[in-house]
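Listed here are the chains, written in short residue letters.
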Amino acid sequence: MTITTIILLMLLAFCFETVDSTYGMGYGTLFVPIMIMFFGLEPLIIVPAVMVSEMSTGLLSGSLFHIYKVYDIWYNKKIILLLLICSFIGAFLSLVLVVKLNPAFIKSYITWLVIIMGLISLV
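Computed from a prediction, not measured in an experiment: that's the story for all the values here. (Residues numbered from 1 in each chain as written. Predicted model: local features only at pLDDT ≥ 70, side-chain atom pairs only at ≥ 80, totals over all residues. Heavy atoms only, no water.)

S.K.: What should I look at first to understand the layout of surface pockets in this one?
M.R.: To find leftover empty space, a probe the size of one water molecule is rolled over the atoms. In this model, the largest pocket occupies a volume close to 1,800 Å³. Considering the residues around the largest pocket, the lining is formed by 49 residues, among which Met51, Glu54, Met55, Gly58 and Ser87 are closest to the centre. For the lining of the largest pocket, the secondary-structure elements that each account for two or more residues are helix H1 (3–23), helix H2 (27–37), helix H3 (43–67), helix H4 (77–100) and helix H5 (103–122). Examining the composition of the lining of the largest pocket, we find that 15 residues originate from one element, H3, more than from any other. (1 Å grid on protein atoms, 1.4 Å probe; cavity = no way out; pocket = protein on both sides within 12 Å on 5 of 7 lines; lining within 4 Å. Points joined across faces, edges and corners; volume = space filled by probe spheres on them. Helix = DSSP H or I, 4+ residues; strand = E, 2+ residues; numbered from the N terminus.)

S.K.: Which parts of the structure should I look at to understand the packing of H3 against H4?
M.R.: As a packed pair, H3 and H4 sit with axes 9 Å apart at the nearest point and diverge in direction by 170 degrees. In terms of orientation, H3 and H4 fall into the roughly antiparallel class. Taken together, the residues of H4 that come into contact with H3 (itself represented by Pro43, Leu44, Val47, Pro48 and Met51) are Ala91, Ser94, Leu95, Val98 and Val99. In terms of residue class, the contact of H3 with H4 is made up of nine nonpolar, one polar and no charged. (Axes fitted to C-alpha atoms, helices over the stretch in contact; angles between N-to-C directions. Parallel < 35°, antiparallel > 145°, perpendicular 65-115°, else oblique. Contact = heavy atoms within 4.5 Å. Nonpolar A, V, L, I, M, F, W, Y, C, P; charged D, E, K, R; others polar.)

S.K.: So what exactly am I meant to see when it comes to a nonpolar patch on the surface here?
M.R.: On the surface, a nonpolar cluster with roughly 740 Å² of combined accessible area is contributed by Leu60, Leu64, Phe65, Ile67, Tyr68, Val70 and Tyr71. Along the polypeptide, Leu64 turns up in helix H3. Note on Leu64: relative accessible area 37%, which makes it partly exposed. (Patch = residues over 30% accessible without salt bridge, like charges linked within 9 Å, V, L, I, M, F, W, Y side chains within 5 Å. Areas by Shrake-Rupley, 256 points an atom, 1.4 Å probe, with all protein chains shown as cover. Salt bridge = Lys/Arg side-chain N within 4 Å of Asp/Glu carboxyl O. Buried < 20%, exposed > 50% of the residue type's maximum accessible area, 1.4 Å probe, protein only.)

S.K.: Please clarify how the packing of H2 against H3 should be interpreted in this entry.
M.R.: When two helices pack together, their arrangement is given by the angle between the helix axes and the distance between those axes. For the pair H2 and H3, the least separation of the axes is 10 Å and the interaxial angle reads 150 degrees. It follows from the interaxial angle that H2 and H3 lie roughly antiparallel. As H2 packs across H3, the resulting crossing turns out to be right-handed. Residues Tyr27, Gly28, Phe31, Val32, Met35 and Ile36 of H2 lie in contact with H3, whose contacting residues are Pro43, Ile46, Val50, Ser53 and Glu54. Class assignment of the residues belonging to the contact of H2 with H3 gives a composition of eight nonpolar, two polar and one charged. (Left-handed = near helix turned anticlockwise from the far one by under 90°.)

S.K.: Just to check I follow, could you spell out the pattern of salt bridges for this structure?
M.R.: Working definition: two side chains of opposite charge can pair if their charged atoms are close together. In total, this model carries one salt bridge according to the counting rule given. Here Glu42 and Lys107 are joined by a salt bridge, their closest N and O atoms 3.6 Å apart. Here Lys107 lies in helix H5 and Glu42 lies in the loop between H2 and H3, a separation of 65 residues in the sequence.

S.K.: In this structure, what is going on with the nonpolar core? I would like to understand it.
M.R.: Side chains of nonpolar character tend, in soluble globular proteins, to be buried together. Among the nonpolar cores identified, the biggest contains 17 residues, and Phe16, Tyr27, Phe31, Val32, Met35, Ile46 and Val50 are the most heavily contacted of them. Counting only elements with at least two residues in this core, the list comes to H1, H2, H3 and H5. Ranked by residue count, the leading element in this core is H2, at six residues. (Core = buried A, V, L, I, M, F, W, Y, C linked by side-chain atoms within 4.5 Å.)

S.K.: Explain the confidence of the model for the chain to me, please; I cannot follow it from the model alone.
M.R.: In regions of low pLDDT, the predicted coordinates are not meant to be interpreted in detail. Model confidence for the chain is summarised by a mean pLDDT of 79, while 95% of its residues fall at 70 or above. When the elements of the chain are averaged for pLDDT, H2 gives the smallest value, 78, and H4 the largest, 83. (pLDDT = per-residue confidence, 0-100.)

S.K.: Please explain the environment of Cys15 as it appears in this structure.
M.R.: As for its position among the elements, Cys15 is in helix H1. Separated by 47 residues in sequence, Cys15 and Gly62 place their C-alpha atoms 19 Å apart.

Structure (C-alpha cells):
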C-alpha cells in the first residue's frame, strides 16, 4: 500500500466513524464494502481491522461520556457487563465465520446487506 492509500483509508475511517457516532450505526456497514470494492482488500483483513477500530472508538467514547458526566457507567453495571459479553461473543463469532466461510460468499453477503440496509433507510 502506498502512503496515499493509507491516508485515504484513514480519512474514510474518520468520516465513517463520525457517521457511526452521530447515528449510532454504520461504520462497519459502510466502510467494509468500500474497502472491498474500491481497494480490493480481503474480508479476512478487513473484519479484524474494523473490529479493533470499533472497539477502540467505543471505549474512547464511553470513557468520554463518563468523564463529562453524560452517563454514569457504574449506575447500570449489569447492562454494561451484558453489552461487553455480547460484544465479545459477536466479535469472536464474526471472526470465526470470516475465517471459515468462502470469501466470495462473504463479499456477496456484505453487498446484499448494504443494499437491503440502504432500501430500509430510504423507506
